[in-house]
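Overview (structure and organization)
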Amino acid sequence: MSSNGAPIYVSDDDPEDPSRRVRPRVRRKRKNPGVRSWPDFARRSVAKWLPALSLLFLVCVWIYEVIKIGDGEIRRPPPVRKSDHAATQSSKEKPLGNLNKLDPTTRVVGGVRERCLKLLPPGELELLKIPTPMDSKSPLKELAYATETNGASKEGTFNLSMAYLEGSRFNLFSGNQTLEQRDQEFKVTEKAKAHCGFYSEIGGFRISDEDKSYMKTCEVVVSTCAFGGGDDLYQPIGMSETSLQKVCYVAFWDEITLATQEAQGNKIDERRFIGKWRVIIVRDLPFRDQRLNGKVPKMLAHRLFPNARYSIWVDSKSQFRRDPLGVLEALLWRSNHELAISEHGARSSVYDEAKAVVHKNKATPAEVEVQLAQYRRDGLPEDKRFNGKKALAEASIIVREHTPVTNLFMCLWFNEVVRFTSRDQLSFPYVLWRLKGLTRINMFPVCTRKDLVNSMGHIRKAKPLTS
């Protein structure tokens, strides 16, 4: 080592050769930097996020303890039985998703998005007045209803089993309409008479005198029904103050539904209201088939509300969400119609609908075949259009003026669902085809129906009548 401490390099190369003065550096193959640096990266990440993760853990523990102290235990939903699965899906998912929504339904027409139901602006809705009655263009001017004569019915209290005629669904409520009477009642003359329910005083569908008095005061009515404890009652929304003053909201229940709703805490107040709905309890329902009992308020509003000029029917599975007077203006008054009903969304032909009814087990093949065989004998064509629109109706919403011809239409439609199956979509095209006097009908599209209501689906299966 030199005296100044400088290092001495020992080499076999000639130190005087300039090309040999700098020793070439040999590059070593590096290991994968990612693998080599992962422990350091992991340590740095854990160190960075450890305080936040610890805080989050402490917050979760605190929330758990609060719930445990407040409720004693974490509540778990009861196990869902297979038979209750559909009801659970309807009551928990659909109502929570659709209830009380007011947003309009739209569609694209000619490249422009527009609202399906074109209501008047709110200010004009408040000023709407019910129009003065006009003379109907139909030749039918007066309609009478068939009732028992000469005390033909048996004396005594109502009994469901006694009310049925042997081998028929006709009973003391509907009257026994023969095929000859059926053909005659489809003929439109200036004065007509038809079977239209309420045939006998002891035929069932009994309503209190107090409720009858209330129903006589209604000029415009929105109605629904739930028999057998099937569906809940959804409060109507979206109405103007004018409609609240001029429109009756009436819900028909039976005693089973009353008990079901009271058990859920839905009590009728001293005025017989729940919210905006006047609840009317019907006793002695005339049919074992609860769907058929539901056709009475659905189709025979003109019989239940003798002084009403307009009615809007809403199925119990839906929440009505539009101004009733505005709906009448949009679907009837503006276009000079007297009946408005929704087109069917999936099918157009009664024969296609019959296949779907059987496939979905909504009626037996034998029942459907009896109905179709009669319609074929009567000459019902397989047309899928009526005045350029679908002939098949969805029928969960019916908007109409109570004129003699629309009243007759509803009577004949009711008689068909009593005679054959209670699936009213099957009989609607037939009655529309045979009753030549009804032409001012508005078959509105499905998107308009969706704008009128929030659809909930059926909550639970209705209990059948057994006595």
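Residues numbered from 1 in each chain as written. Predicted model: local features only at pLDDT ≥ 70, side-chain atom pairs only at ≥ 80, totals over all residues. Heavy atoms only, no water.

1. Details of the environment of Glu210
Take Glu210: it is sitting in helix α6 (residues 209–216). Since its relative accessible area comes to 47%, Glu210 is described here as partly exposed. Between the alpha carbons of Glu210 and Ile280 there is a distance of 9.7 Å; along the sequence they are 70 residues apart. Apart from the residues lying within four places of it in its own chain, the contact partners of Glu210 are Arg272 and Arg278. (Helix = DSSP H or I, 4+ residues; strand = E, 2+ residues; numbered from the N terminus. Buried < 20%, exposed > 50% of the residue type's maximum accessible area, 1.4 Å probe, protein only. Contact = heavy atoms within 4.5 Å.)

2. Focus on the sheet that holds strand β11 (residues 339–343)
With mixed pairing, the 8 strands of this open sheet are ordered in space as β7-β8-β6-β5-β9-β14-β11-β15. Each edge of the sheet is formed by a strand with only one pairing partner; in this case those strands are β7 (273–274) and β15 (441–444). Set on the sheet, helix α14 (residues 404–419) makes contact with β11 and β14 (393–401); between it and β14 the angle comes to about 150°. (Pairing = 2+ DSSP bridges. Axes fitted to C-alpha atoms, helices over the stretch in contact; angles between N-to-C directions.)

3. Quick notes on the pattern of salt bridges
Under the defined criterion, the tally for this structure stands at 22 salt bridges. The closest approach of N and O atoms between Arg321 and Asp103, which form a salt bridge, is 3.9 Å. Here Arg321, found in the loop between β10 (318–320) and α11 (324–333), pairs with Asp103, found in the loop between α2 (85–98) and β1 (106–109); they are 218 residues apart in sequence, far enough to count as distant. A residue is classified by how much of its surface remains accessible, and Arg321, at 3% relative accessible area, is buried. Between Asp378 and Arg182 there is a salt bridge; the shortest N-O distance is 3.2 Å. Placement of Asp378 in the loop between α13 (365–377) and β12 (385–386) and of Arg182 in helix α5 (residues 179–185) is noted, with a sequence separation of 196 residues between them. Accessibility expressed as a relative area gives 24% for Asp378, which makes it partly exposed. (Salt bridge = Lys/Arg side-chain N within 4 Å of Asp/Glu carboxyl O.)

4. Topic: the packing of aromatic side chains
Following the criterion strictly, the structure yields 17 aromatic pairs and no others. Over the ring of Phe273 we find Arg271, and its NZ or CZ is 4.4 Å from the ring centre. A cation over a ring is seen here: Arg278 above Tyr214, with NZ or CZ 4.4 Å from the ring centre. (Phe/Tyr/Trp six-rings, centres within 6.5 Å; stacked < 30°, edge-to-face > 60°. Lys NZ or Arg CZ within 6 Å of the ring centre and 35° of its normal.)

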